[in-house]
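Working through the structure, step by step
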Amino acid sequence: MTATPFAFRGRPVVVGAGVAGLMTALELAPRPVVVLTKTLLGVEGSTLWAQGGMAAALGPDDEPALHAADTVAAGDGLCDAAIVDRFARAAPEAIRKLARLGVRFDRKPDGGFALGLEAAHSRSRIAHVGGDGAGRELMRALVAAARATASVTILESFDARRLLVEDNAVRGLIAVGPSGPALFATDRVVIATGGIGGLYAESTNPLGSFGQGLALAARAGAALADMEFVQFHPTALDVSLRPMPLVSEAVRGEGAVLVDERGQRFMADVRGEELAPRDVVARAIWRLRASGGRAFLDATSAIGAKFEARFPTIAAACRAARIDPTREPIPVRPAQHYHMGGIAVDAEGRSSVSGLWACGEAASSGLHGANRLASNSLAEAAVDAAIVARSVDGAKPQALRLHPARAPQASDPAAVRAILSRAAGVARDGGALSAAVGALADLAASNGPAADPAAVALMIAVAALRREHSLGAHYRTDFPSPPKARERSRLTLDEAFAAAAAVPPVFARRASGCRA
Ligand SMILES: Cc1cc2nc3c(=O)[nH]c(=O)nc-3n(C[C@H](O)[C@H](O)[C@H](O)COP(=O)(O)OP(=O)(O)OC[C@H]3O[C@@H](n4cnc5c(N)ncnc54)[C@H](O)[C@@H]3O)c2cc1C
C-alpha cells in the first residue's frame, strides 16, 4: 500500500464527485481539499442523470413556507421541521449561487427563472435546464468550476474502500487507485457517494450507485437513519433496459395522464390525481400490475408535438424503445429511484463518528421524511454543501496516526439485488423481510465481494422489518395502517446483525457480526 503524497496529509477528503461532493469542495475553497471519484470525473453518478431540475421558492406566487409545507406533506409528517424550514429558506439563494457559478438555467423572456410544476408541489418551483437536462448542465458547470479551483485536488478512478477509525474518530481512509491501494492520512472525511439503486434489480440510478459510502460509514460504526424509506419512482420506462430510463414527473406536471391498458385513467379519483406524492402513484401502479394490468403515461393530448422540444432526453429514450410519445401512450412501471435513508447526520452534516460528515443522497438529515418531494435532492445537496464545508473547516484538527490495513476487494452488489428487490420493494411483508434479513446477514458477514453491499441491504431490510406500520414510501401489506406516532429510525451495523440473529429459526440462517 502506498501512503498518498505528503502534501495531502491532513487535508479533508471528500468521497464522491456529484453535486454534493463537488459543491462541498468548492465551498471549502480556498482551504485545500482532496476529492475522490471512483470513475473519471463527470461520467458517473445520479447528478449527471437528473432531469426535472431543482426545487426552490423562486416564483412571485411562492414562498419558503409553502415549499416547506409541501416537503412535510410529501414526507408524510416524518420530516425534521427545523431542517425543512432551513432548507426551504436557503434553496433560492443556493440556486442563484449555482447560476453565478455558470449553470445556465432556463429563463423567461424577462430573465427570471422558468419554473416547472412537479408532483406534490403546490406551486411551479422547479428551476430546469435545457428542458429535461438539468443534471448534465449542473455537472458541466461544477466540473469546470472544480477544475479551475486551485485548492481542489481531484483524484479520478479512486475507489474508497475502508475508513480507519480509532476511538470513534476518523484517522484515515483506504482507497484503491490506478496504481493500487493508497492510504490517506486524514481526520476529516465527507461521504458524498450518492444513492443505493444498484442494490435493486430495477432502478433508475447508475449501476455504480450501490451505497458504498453507507457501507464505509456502517463498517466504521456510524449510525444510519431511516434506511427503510426507499423511494420508487412511479414512471420508469417499462422496457428491459437496466438502469431503467426515467420519465420525469414534469411530464405529468404538464398534463400527461396515467391510463391502464384499456386507456382508462386510474388516478382520477385519488387526491392529487397524477400529481399525488410518488409513493401514492407508485402503489397505484403496483396494484394495477398485481391485478394483471399495465400502466401507461399518455402525453398525446396535453403535450403532443411539443414533447421532443420540452423533454428531449425522455423523447430519445422513448425513440430508442420504438415508442412515439407524441402519438402513443408511454408504458411505465415503478423502479427504485431515491433513498431517503442514509448516514444519520446532525444539523451540521456530522455523523455519529467524529471526523465523518455526509452530504447529498448518502446523508439522512430528516429533510425528506418518509418520502422525498420531487426535485428536492439536488437543491438539498447545494444547500447542505455550504453547511458541511463550514463544519469541516471549523473542526479541531486531531493527531494523525496511521494504522495501515489491507484494502478490501472491490464490491459487487449482484448477489444482493434479487434478495433486496423481492423483500423491500414497493410493498413489503414480514415473512419476505425476515427471509431477506437471514440471507443478507450471511452475505454481509462473508469476505466476498457482496459483503459491503449486503451490509447496506441488511440495514434496509432490518429497518423495514422493525417498522410495523405503513408510512410514506414504506408500505407493509401485513401492517397497512399508519403509526400512532411518527418517529425516525436509527440503526448501527452491529444492531442489524443482532436483529438478524434474533429472526425466528424458520427464516434465519447463520448470521454473525462483522465490523472492520
Ligand atoms: C434518473 C434520475 C433523475 C433524477 N432527477 C432529479 C431531479 O430532476 N431533481 C432532483 O433534485 N433530483 C433528481 N434525482 C436525484 C438526484 O439526481 C440525486 O439524489 C443527486 O444527484 C445525488 O447527488 P450526490 O452528489 O449525492 O450523488 P451522485 O451524483 O450520485 O454522485 C456520487 C459520486 O460518488 C462517487 N462514488 C461512489 N462510491 C464511491 C467510492 N467508493 N469511492 C469514490 N467515489 C465513489 C461516484 O463516482 C460519484 O462521483 C434524479 C436521480 C436519477 C437517478
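Refer to the preceding data block for the structure.
Residues numbered from 1 in each chain as written. Predicted model: local features only at pLDDT ≥ 70, side-chain atom pairs only at ≥ 80, totals over all residues. Heavy atoms only, no water.

1. Topic: the site of the ligand
To keep it simple, the criterion reads: Proximity is defined per residue: any heavy atom of the residue falling within 4 Å of a molecule or strand makes that residue near it. Residues adjacent in sequence count toward polar contacts only when both atoms are side-chain atoms; beyond that, a polar contact is any pair of N or O atoms within 3.5 Å, and within protein one must be able to donate a hydrogen and the other to accept it. Where accessible areas are quoted, they stem from the Shrake-Rupley method and a 1.4 Å probe; at the residue level, only the protein chains shown are allowed to cover.
Not every one of the 37 residues close to the ligand is listed here, only the nearest: Thr47, Gly52, Gly53, Glu361 and Ser377. In this structure, an oxygen atom belonging to the ligand sits 3.5 Å away from a main-chain N or O atom of Ala192. Between the ligand and the protein, one listed contact pairs a nitrogen atom with a side-chain N or O atom of Arg372 at 3.3 Å. With the chains in place, 97% of the 1000 Å² that the ligand exposes on its own is no longer accessible.

2. Section: the sheet that holds strand E5 (residues 115-116)
As a reminder of what qualifies: Whether two strands pair depends on DSSP finding at least two bridges between them. Secondary structure elements follow DSSP: runs of H or I no shorter than four residues count as helices, runs of E no shorter than two count as strands, and numbering proceeds from the N terminus.
If you trace the three strands from one edge of the open sheet to the other, you get E4-E6-E5, paired in antiparallel fashion. Two strands in the sheet have a free side with no partner beyond their single neighbour: strand E4 (54-55) and E5.

3. So, helix H5 (residues 134-147)
This is how it is decided: Here, expected helix span is obtained from the residue count minus one, scaled by 1.5 Å. Three labels apply to residues, based on accessible area from a 1.4 Å probe with only protein chains included: buried if under 20% of the type maximum, exposed if over 50%, partly exposed otherwise in between. We call two residues contacting when some pair of their heavy atoms lies within 4.5 Å.
Taking 1.5 Å of rise per residue, 14 residues should cover 20 Å, and H5 covers 20 Å from first to last C-alpha, within 8% of that figure. Taken across its 14 residues, H5 has ten buried, putting it largely inside the fold. Among all positions of H5, only Ala134, Gly135, Glu137, Leu138, Met139, Ala141, Leu142, Val143, Ala145 and Ala146 are buried. Against helix H1 (19-28), helix H2 (46-49), E4, helix H4 (81-101), strand E7 (152-156) and helix H11 (376-394) lie the buried residues of H5.

4. Points about the packing of aromatic side chains
How two aromatic rings sit relative to each other is given by the distance of their centres and the angle of their planes. We apply this condition: Any Phe, Tyr or Trp ring, taking Trp's six-membered ring, that has another such ring centre within 6.5 Å forms a pair; planes under 30 degrees apart are called stacked, those over 60 apart edge-to-face, and the others tilted.
Applying the stated rule across the entire model yields four aromatic pairs. Where Tyr200 meets Phe232, the ring centres are 5.7 Å apart and the plane angle is 85°; that geometry is what we call edge-to-face. On the criterion of sequence distance, the pair formed by Tyr200 in the loop between strand E11 (189-191) and helix H6 (212-219) and Phe232 in strand E13 (residues 230-237) is long-range, its members being 32 residues apart. Looking at Tyr200, the relative accessible area reads 4%, which means it is buried. Accessibility expressed as a relative area gives 8% for Phe232, which makes it buried. For the pair Phe307 and Phe311, a centre-to-centre distance of 5.4 Å together with 55° between the ring planes defines the contact as tilted. Classification of Phe307 by relative accessible area gives buried; the value is 0%.

5. Re unusual backbone geometry
Cis geometry marks the peptide bond from Ala29 to Pro30; its omega dihedral reads 10°. Topologically, Pro30 is positioned in the loop between H1 and strand E3 (33-37). Positive phi is not limited to glycine here, since Arg322 has a value of about 60°. Structurally, Arg322 can be placed in the loop between helix H10 (312-320) and strand E16 (330-339).

6. Observations concerning the pairing of strand E10 (residues 180-185)
Each regular strand displays side chains that alternate between the two surfaces of the sheet. Where burial is concerned, most of E10 is hidden: five out of the six residues are buried. Relative to E10, strand E9 (residues 169-177) is paired through six bridges, and the arrangement is antiparallel. Across the sheet, the residue bridging to Leu173 is Phe184, located in E10. The turn joining E9 and E10, which pair antiparallel and follow one another in sequence, is formed by two residues.

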